[in-house]
Amino acid sequence: MASKKEFDIVWGMVIDLDKCTGCGACMVACQAENNVPVTKDATNKLRSLTWLLVYELSNGKPFPDHDVAYLPRPCQQCGNPACVPVCPATVTKKDEEGGIVSQVYPRCFGCRYCMASCPYHVRYFNWFDPVWPEGMEKTLSPDVSVRPRGVVEKCTFCHHRWMHAKDKARVEGRDPYALEQMEYQTACTEACPNGAIHFGDLKNPEHTVHELSKSKYAFRLLERLGMDPQIYYLSRREWVRRLGDNYLDDEKTGDFKVVGGHGHG
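A short tour of the structure in this document, coming up. (Residues numbered from 1 in each chain as written. Predicted model: local features only at pLDDT ≥ 70, side-chain atom pairs only at ≥ 80, totals over all residues. Heavy atoms only, no water.)

Quick look at a nonpolar patch on the surface
Short version of the rule: Candidate patch residues must exceed 30% relative accessible area and have no salt bridge, after which like charges are joined if within 9 Å and Val, Leu, Ile, Met, Phe, Trp or Tyr side chains if within 5 Å. Only the protein chains shown count as cover for residues, and all accessible areas are computed by the Shrake-Rupley method using a 1.4 Å probe. Between Lys or Arg on one side and Asp or Glu on the other, a salt bridge is scored when a side-chain nitrogen of the former is within 4 Å of a carboxyl oxygen of the latter. Only DSSP runs of H or I reaching four residues or more are called helices, and only runs of E reaching two or more are called strands; each is numbered from the N terminus.
A surface patch of nonpolar side chains, amounting to about 310 Å² of accessible area, comprises L46, W127 and F128. Position of F128 among the secondary structure elements: in the loop between β4 (124–125) and β5 (152–153).

Spelled out as structure tokens, the structure:
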């Protein structure tokens with residue numbers, strides 16, 4: 001595994017699963033913001049692309065003890081991304097301030113090593129060229145390139161929005177690396193009607209995610225793998241937190257201590 005790079009700014013997300021209703025507004029906002037093509041049949045996992053997917057979780061108990069939760073899953077923007085060292089074309093890297101795992105589409109030749117190495121299955125391969133319903137091609141965002149078939153794509157934390165926020169700060173004579181929390185927000189964060197998704201700098205005490213990521217109810221997916229993801233989840237329900245990793249029957253979620261995280265541990 002490559003050595004971990006440290007950044008002064010670490011963009012991250014905290015998603016409160018007790019507030020998420022699984023409405024899918026975040027998925028739609030992501031798709032529209034990032035020019036992700038729509039498919040007639042989203043059950044066809046070979047053809048469909050979803051940078052952000054909402055999973056339904058169940059405690060597996062019968063009524064009246066049955067309980068469900070919904071888990072939005074974008075790219076986890078790992079601190080130790082498994083996808084980076086396996087890429088033979090330096091398509092995907094983690095070397096920019098902010099800690100966002102990049103994806104340079106013109107360099108990608110579709111070997112899919114990154115997909116095989118990602119434990120979160122958040123990368124998608126374009127088997128087909130994008131097709132848009134008549135008229136929709138006129139609504140595409142000019143800030144995000146449309147990806148052709150043969151390349152891998154994924155969530156970028158709406159990286160173009162960060163570029164715009166930094167440009168605005170420069171024009172106003174401010175430090176582009178000292179943004180207020182609301183100056184850079186992802187599309188899914190803005191679209192969530194319940195305020196379940198929080199986004200900001202995990203290292204900045206003035207950003208909400210800094211404190212939320214330290215909650216005793218916070219957890220990350222498959223923490224024991226050491227990927228150090230920049231996506232945190234919150235739930236007061238023990239059974240929800242247990243689904244985040246592989247726990248022994250007699251092991252509580254708080255027993256495992258994270259080493260090298262951005263605040264939770």
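Remarks on the pairing of strand β8 (residues 231–234)
Remember that side chains alternate between the two faces of the sheet whenever the strand is regular. Filter applied, for reference: Burial classes follow relative accessibility: with a 1.4 Å probe on protein chains only, a residue under 20% of its type's maximum area counts as buried, one over 50% as exposed, and anything between as partly exposed. Pairing between two strands is assigned when DSSP locates at least 2 bridges connecting them.
Neither face of β8 is left uncovered, since the one carrying I231 and Y233 and the one carrying Y232 and L234 both have all their residues buried. In terms of strand pairing, strand β1 (residues 11–16) meets β8 through four bridges, oriented parallel. Each residue of the ladder has a partner; that of I15, found in β8, is Y233. Sheet topology places strand β7 (residues 218–219) next to β8; two bridges connect them, and they run antiparallel. Among the inter-strand pairings, F219 is bridged to a residue of β8, identified as Y233.

Quick word on the sheet that holds β8
Taken in spatial order, the four strands of this open sheet run β6-β1-β8-β7, and their pairing is mixed. On the outer flanks of this sheet lie β6 (197–201) and β7, each paired with one strand and no other.

Things to note about unusual backbone geometry
Phi is mostly negative for residues that are not glycine, and the peptide bonds are mostly trans. With an omega of 10 degrees, the peptide bond running from F63 to P64 counts as cis. Within the secondary structure layout, P64 lies in the loop between β2 (53–58) and β3 (68–73). Its identity as a non-glycine residue notwithstanding, T90 has a phi of 45 degrees, on the positive side. Tracing the backbone shows T90 in the loop between α2 (83–86) and α3 (113–117). Here the phi dihedral of R112 falls at roughly 70 degrees; this positive angle occurs in a residue that is not glycine. With respect to the element layout, R112 can be found in the loop between α2 and α3.

Here we look at the state of the cysteines
Note the cut-off: Here, the term disulfide refers to a pair of cysteine sulfur atoms separated by no more than 2.5 Å.
Applying the stated criterion across every chain yields a total of zero disulfides. With no disulfide of its own, C155 lies 5.7 Å from the sulfur of C75, the closest cysteine sulfur. C158 supplies the cysteine sulfur nearest to C188, a cysteine that is in no disulfide, at a spacing of 6.3 Å.

Structural notes on the packing of aromatic side chains
We count it as follows: For Phe, Tyr and Trp, rings pair up if their centres lie within 6.5 Å, where Trp contributes its six-membered ring, and each pair is then called stacked (planes under 30 degrees apart), edge-to-face (over 60) or tilted (otherwise). By definition, being over a ring means that NZ of Lys or CZ of Arg is both within 6 Å of the ring centre and within 35 degrees of the ring normal.
Enumeration over the complete set of coordinates arrives at nine aromatic pairs. A centroid spacing of 4.8 Å and a plane angle of 80 degrees characterise the contact between F125 and W127, whose relative ring orientation is edge-to-face. With relative accessibility at 42%, the residue W127 sits in the partly exposed group. With a centroid separation of 5.0 Å and 85 degrees between ring planes, the pair formed by Y184 and F199 is classed as edge-to-face. Residue Y184 is found in the loop between α4 (159–171) and α5 (187–191), and its partner F199 is found in strand β6; the two are separated by 15 residues along the sequence. Taking the relative accessible area as the measure of exposure, Y184 reaches 0% and is therefore buried. Residue F199 is classed as buried on the basis of its relative accessible area, which comes to 1%. These aromatic residues form a ring-pair network of at least three members: W11, F157, W162, Y177, Y184 and F199. The residue whose ring lies beneath R112 is F125, and the NZ or CZ to ring-centre distance is 4.7 Å. The residue whose ring lies beneath R224 is Y247, and the NZ or CZ to ring-centre distance is 4.6 Å.

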